[in-house]
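# Structural description and commentary
Here's the letter readout for the chains.
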Amino acid sequence: QVQVVESGGGLVQPGGSLRLFCTASGSIFSTYDMGWYRQAPGKQRELVARVTSGGSTYYADSVKGRFTIARDNGKNTVYLQMNSLKPEDTAVYYCHAQRWGRDISWGQGTQVTVSS
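A few points on the structure.

Rules of the game
Residues numbered from 1 in each chain as written. Predicted model: local features only at pLDDT ≥ 70, side-chain atom pairs only at ≥ 80, totals over all residues. Heavy atoms only, no water. Disulfide = S-S within 2.5 Å. Helix = DSSP H or I, 4+ residues; strand = E, 2+ residues; numbered from the N terminus. Buried < 20%, exposed > 50% of the residue type's maximum accessible area, 1.4 Å probe, protein only. Polar contact = N/O pair within 3.5 Å; in protein donor to acceptor, adjacent residues only side chain to side chain. Contact = heavy atoms within 4.5 Å.

According to the stated counting rule, one finds one disulfide in the structure shown. The disulfide partner of Cys 22 is Cys 95, and the S-S distance across this bridge is 2.0 Å. Residues Cys 22 and Cys 95 share a disulfide whose torsion about the S-S bond is about -80°; that sign makes it left-handed. Of this pair, Cys 22 sits in strand β3 (residues 18-24) while Cys 95 sits in strand β9 (residues 91-99), and the two are 73 residues apart along the sequence. Given a relative accessible area of 0%, Cys 22 falls into the buried group.

Right, dumping it as structure tokens:
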């Protein structure tokens, strides 16, 4: 069973930056589409960014120009660089792996808090 594990969350002031990491087990990481989702208290989980197995990227409008997703297939890792953070970015961030539109695995989540 494939496992994905997130790290890199924490507390940051508005305008600051954080980088999230997600590492997946297994030998076919390069075939997965990898995404970052987030869920704030009282809200539904939403897709923040995705990078496909072919390297195409997608960003939610709310994070375009501030967040960057990237993958390193040699390290089975996907990154989410978050700049110019806002209080409304506060949420639990989840890593997700899928292939051919089917869920492979969800991470346990990492908390990001943007507050002064």
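Let us keep going from here.
Attention shifts here to the side chain of Arg 38. Mapped onto the elements, Arg 38 comes out in strand β4 (residues 33-39). At 2.9 Å, the side chain of Arg 38 and the side chain of Asp 89 are in polar contact. Setting aside residues no more than four positions away along its own chain, Arg 38 makes contact with Gln 44, Arg 45, Glu 46, Val 48, Ser 62, Val 63, Phe 67, Glu 88, Asp 89, Ala 91, Val 92 and Tyr 93.

Everything listed here is a matter of coordinates, which is why it stays silent on function.
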